[in-house]
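# Chains, contacts and geometry: an overview
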Amino acid sequence: MALDRFGGVVSRRTFVQGGLAASALAALSACGKNSSSSSTTDTASNGGTFKFYISDPVAIDPYNLQESEGTQVGHCLFDSLVSYDWTKSEVVSAAAESWTVSDDGTVFTFTLKEAKFHNGDAVDAASFKRGWERLVDPTMETPGEIGYHLAPVAGYEAFSKGEATEITGLVAKDDKTFEVTLTDPMADFLIVCCHPGLAPVPQAALDDPSSFLLSPIGNGAFKMDGKWESGQYINVVRNEDYYGDAPKLDAINFSIQKDPKTALSEFKAGNMDFCQMPTGQIKELISEYGESEDGYTVTPGKQCLTGAEGSIYYLVLNMDDPTMQDANVRHAMSLAINRQNIVDTLFEGVRDPADNIFPPIIDDKANAWQYAKYDKDAAQKIMDDNGLAGTQITLSYNSGGGHEDIMSCIQADLEAVGFSVSQQSQEWAAYLSGLTDGSFQIGRLGWIADYPTMDNFIYPNFFSTADNNYSRYNSAEVDADTLAARQITDEEERKDAYRAINDKVAEDMPIIPIMFYSHVHLGSERVKSLYYDAQGKANLKNAELSA
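Cut-off values and rules
Residues numbered from 1 in each chain as written. Predicted model: local features only at pLDDT ≥ 70, side-chain atom pairs only at ≥ 80, totals over all residues. Heavy atoms only, no water. Helix = DSSP H or I, 4+ residues; strand = E, 2+ residues; numbered from the N terminus. Rg over C-alpha atoms; globule rule 2.2 N^0.38 Å. Buried < 20%, exposed > 50% of the residue type's maximum accessible area, 1.4 Å probe, protein only. Areas by Shrake-Rupley, 256 points an atom, 1.4 Å probe, with all protein chains shown as cover. Lys, Arg positive; Asp, Glu negative; His and termini not counted. Charge placed at Lys NZ, Arg CZ, Asp CG, Glu CD. Pairing = 2+ DSSP bridges. Phe/Tyr/Trp six-rings, centres within 6.5 Å; stacked < 30°, edge-to-face > 60°. Salt bridge = Lys/Arg side-chain N within 4 Å of Asp/Glu carboxyl O. Axes fitted to C-alpha atoms, helices over the stretch in contact; angles between N-to-C directions. Arc of directions from axis to C-beta. Contact = heavy atoms within 4.5 Å. Polar contact = N/O pair within 3.5 Å; in protein donor to acceptor, adjacent residues only side chain to side chain. Parallel < 35°, antiparallel > 145°, perpendicular 65-115°, else oblique. Left-handed = near helix turned anticlockwise from the far one by under 90°. Nonpolar A, V, L, I, M, F, W, Y, C, P; charged D, E, K, R; others polar.

### Points about the overall build of the protein chain
Of the regular secondary structure elements, the protein chain holds 16 helices and 24 strands. Computed over its C-alpha atoms, the radius of gyration of the protein chain comes to 22 Å, within 12% of the 24 Å expected for a compact globule of 547 residues. Expressed as lengths along the three principal axes of its C-alpha atoms, the size of the protein chain is roughly 70 × 55 × 40 Å. For the protein chain, with 547 residues in total, the buried portion stands at 60%. When the accessible surface of the protein chain is split by element, carbon and sulfur atoms take 45% of a total near 19100 Å². Here the protein chain contributes 41 positive and 80 negative side-chain charges, whose respective centroids are spaced 4 Å apart.

### Structural notes on unusual backbone geometry
Backbone geometry at glutamate 348 places phi at a positive 50 degrees, although glycine is not the residue there. Residue position: glutamate 348 is located in the loop between α10 (339-345) and β17 (352-353). Glutamate 348 sits in the buried class, given a relative accessible area of 19%. One non-glycine residue, arginine 472, lies in positive phi territory at about 65 degrees.

### Quick look at the sheet that holds strand β23 (residues 527-531)
With antiparallel pairing, the 3 strands of this open sheet are ordered in space as β14-β23-β24. With partners counted over all chains shown, the strands left at the sheet margins are β14 (297-298) and β24 (544-545), one partner each. Pairing analysis gives 2 bridges linking β23 to β24, with the strands arranged antiparallel. Looking at β24, one finds that valine 527 is bridged to leucine 545.

### Quick notes on the packing of aromatic side chains
According to the stated counting rule, one finds 16 aromatic pairs in the structure shown. Summarising the aromatic geometry, the rings of phenylalanine 267 and tyrosine 289 are spaced 5.6 Å apart at their centres and angled 80 degrees between planes, so their arrangement reads as edge-to-face. Taken together, the residues phenylalanine 267 in helix α7 (residues 260-268) and tyrosine 289 in helix α8 (residues 282-289) connect sequence positions 22 residues apart. Across the pair, exposure class does not vary: phenylalanine 267 and tyrosine 289 are buried alike. Considering the side-chain rings of tyrosine 459 and phenylalanine 463, the 4.5 Å spacing of their centres and the 20 degrees angle between planes classify their relative orientation as stacked. What makes tyrosine 459 buried here is its relative accessible area of 5%.

### Focus: the pattern of salt bridges
Applying the stated criterion across every chain, the model contains 22 salt bridges. Of the charged contacts in the structure, one is a salt bridge between lysine 302 and glutamate 293, with a shortest N-O distance of 2.2 Å. Exposure remark for lysine 302: the relative accessible area of 31% places this residue in the partly exposed category. Shared partners join several salt bridges into a network, and the residues in it are Lys129, Glu133 and Glu166.

### A look at the sheet that holds strand β9 (residues 177-181)
Reading across from one edge, β6-β7-β9-β8 is the order of the 4 strands in this open sheet, with antiparallel pairing throughout. Every other strand in the sheet has two partners, leaving β6 (96-101) and β8 (170-174) as the edge strands with one partner each. Across this sheet, the average inter-strand angle for adjacent strands is 20 degrees, counted without regard to direction. Direction of pairing for strand β7 (residues 107-112) relative to β9: antiparallel, over a ladder of 5 bridges. Considered in β9, the bridge of threonine 111 is made with threonine 177.

### Section: α8
Listing the buried residues of α8 in full gives Ile282, Leu285, Ile286 and Tyr289. Down the axis of α8, the smallest arc covering the buried residues is 105 degrees, so these residues share one side. Where α8 is buried, its residues meet α7, β15 (304-305) and β22 (521-523). Looking one or two places after α8, you find glycine 290, whose phi comes out positive at around 85 degrees.

### What to know about the environment of threonine 168
With respect to the element layout, threonine 168 can be found in the loop between α3 (156-160) and β8. In this structure, the C-alpha to C-alpha distance between threonine 168 and phenylalanine 52, residues 116 residues apart in sequence, is 40 Å. Excluding its chain neighbours within four sequence positions, the residues that come into contact with threonine 168 are Ala154 and Gly155.

### Here's the deal with the pairing of strand β21 (residues 511-518)
Most of β21 is tucked away: 8 of the 8 residues are buried. With 6 bridges connecting them, strand β16 (residues 308-317) and β21 associate as antiparallel partners. Paired with valine 316 across the bridge in β21 is isoleucine 511. Bridge count for β17 against β21 is 2 bridges, and the pairing is antiparallel. Considered in β21, the bridge of aspartate 352 is made with phenylalanine 516.

### With respect to the side chain of asparagine 502
Mapped onto the fold, asparagine 502 is located in helix α16 (residues 491-508). A distance of 3.1 Å separates the side chain of asparagine 502 from the backbone oxygen of asparagine 367, its partner in a polar contact. When near neighbours in sequence (up to four residues on either side) are disregarded, asparagine 502 contacts Asn356, Ile357, Phe358, Ala366, Asn367, Trp369 and Ile458.

### Things to note about the side chain of histidine 149
On the secondary structure map, histidine 149 appears in the loop between α2 (125-136) and α3. The class for histidine 149 is buried, based on a relative accessible area of 2%. A polar contact of 3.5 Å, which involves the side chain of histidine 149, links it to the side chain of histidine 195.

### Some details on the packing of helix α9 (residues 327-336) against helix α11 (residues 376-385)
Each packed pair of helices is defined by two parameters, the angle between the axes and the distance between the axes. Relative to each other, α9 and α11 sit at 155 degrees, their axes nearing to 8 Å. The angle between α9 and α11 places the two elements in the roughly antiparallel class. In terms of crossing hand, the pair formed by α9 and α11 is left-handed. Only Lys376, Ala378, Ala379, Ile382 and Met383 of α11 make contact with α9, whose side of the interface consists of Asn328, His331, Ala332, Leu335 and Ala336. When its residues are assigned to classes, the contact of α9 with α11 shows 7 nonpolar, 2 polar and 1 charged.

Next up, the structure:
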C-alpha cells in the first residue's frame, strides 16, 4: 500500500500510522484471527454499522490508491485478482478463480470468477484491462501515481509516455481469461497483483470519471452509499450481490476526522469503533482498554493493537537540492537524530528505531546502515571537519497525526550539532504536491508495504524513474541491480540480492530511516472481532460487532 498521512505508513507508499517488531512474516502465521477463508454466509444477520476513523483520503478511485486512508476504503469497494493473507503468509484467490504462469515466468493467465459490479455490469477480463490501464494513462485529468506497479508489464513504457493506445501486455483473451505478459520474469509479480489499485472498473469509470472519483462502482463486498463527502465521511453498505462470502456488517461509516486526538474524543463519546492512539497516551489507553493477545485482533477487553507493521517512517532528502547533495550533510543529519528518544518519548516504547529500509517483519537479516544510528559526537565531527555549522535546512511535513512532535524532536537533535533548522507544515494535499513537484528540501514519509516483498521497499523508493522516488535518487548501479533481482526465482538468492542493494543505498543515504512502525490502534467494546493486518488494512469484510 504506500504513503501514510499520519505517524504511520501509506500504501504504495502508505504513510504509516502504527510497535513491537516481529522477526519474520512466518511469525504471523500462527497469530491471526483473520479467518479470510471461513464462511460468513449469514446475509440476514443484523450486523450494524462499523464506525471507522480515517483522515481525508487523496483518492478512493483505485487508479490512484496511493495512501493509507483511500486504500482502506478501496479494499472494501474493490477486489483485485488475488489478495495476500497475512495469517497464512501466502497469496489467495480473490476475483480470480485460478491462474497459471508460463515456464519462462513471463506470462500470467488468470481465470475469473463469475461476478458483477455494483451497478450490475459483468466483471470480465476487459474490465481488468480497463482498470489497469487507468493507473498508467497519461491523459487522465489528474494522472495517478501508482502506475509503477505495472512497470514490469510489456508495453507499459510506451503507453505511459502516450506513444501507444493500450498496454500490449494486457490481453482479454475472452470474458473470463485475462492474460498478462511481462517484459522479463518477475518472481514477485503475483504478489503485486494483490494491490487494490489493480482492480477492475466498469465502463462507467471512463464514461463519467468525475462521478466515479467521488462514488466509485466496484466489485467488492461493500458498495458506496452516496458519495465521498470530503472532510466529513464516506459511507458504504453491504453488497448483497457479492460473489464471495457476504460481510457480517451492514455498513461502514468512514468518519473523517482532522487528527487522532479528535478521533479519540469521538471514540470516548461512543461515536467511533476504531481509531488511533495519540502519542503520549498509548500506555494509558492499553491500561484502560486492554492489549490484544496477538497485536492484530481486537476483541472485547483486549482492544489495543501494537502488532508490528511492514512499515517505516523516514525523512526523504531532495537530492536535487544543493545542500542535500552534500553527503556530509546527509550523514551528519542521520547521526545526530536520537531515534530511541523519539520512540520512547512519543510512542512509549511500542515502536523500534529504524536502521535500514526493511522493517524486520519484511526482512530481519539486512545489514544496518552505517549512518542510521545515533552518534552525536560523530555527527559533530563531520560538521566541524567540513565547516557545516549554521547550515540551513527546512523540515517539511503534513499537519496532524503527531508529526509536529516528531519533527520538533528531530529539530532539537539537529540544532544540537549546529544545523539551523526551520519547519514547514502543510495540509496533506499541498504537502503531497510538493513532494511530487520537488518543491521541498527535507520531507517526512511513512511507507507501508503495498505487498510484503523486499522489492516493494527498494523499487518505489530508489529506482530512478519510479513514481514514488521523491528523493530523486539516481544510481545506474542500483537500477540495474534491482531489475536483475526481480528476475531471480530462488527466494533466498533474491533476498540476498535485495540486501546487497540495501547496502549500496546505505552509503548514498537519499533517505534517513527514523523508526519502524507498529500498530497504535484501538477498537471499541462493541467490536466482537476485527483483524487489522501488518499492512494496516482492516479486514472489515469479516469484522463483527456485538449485538
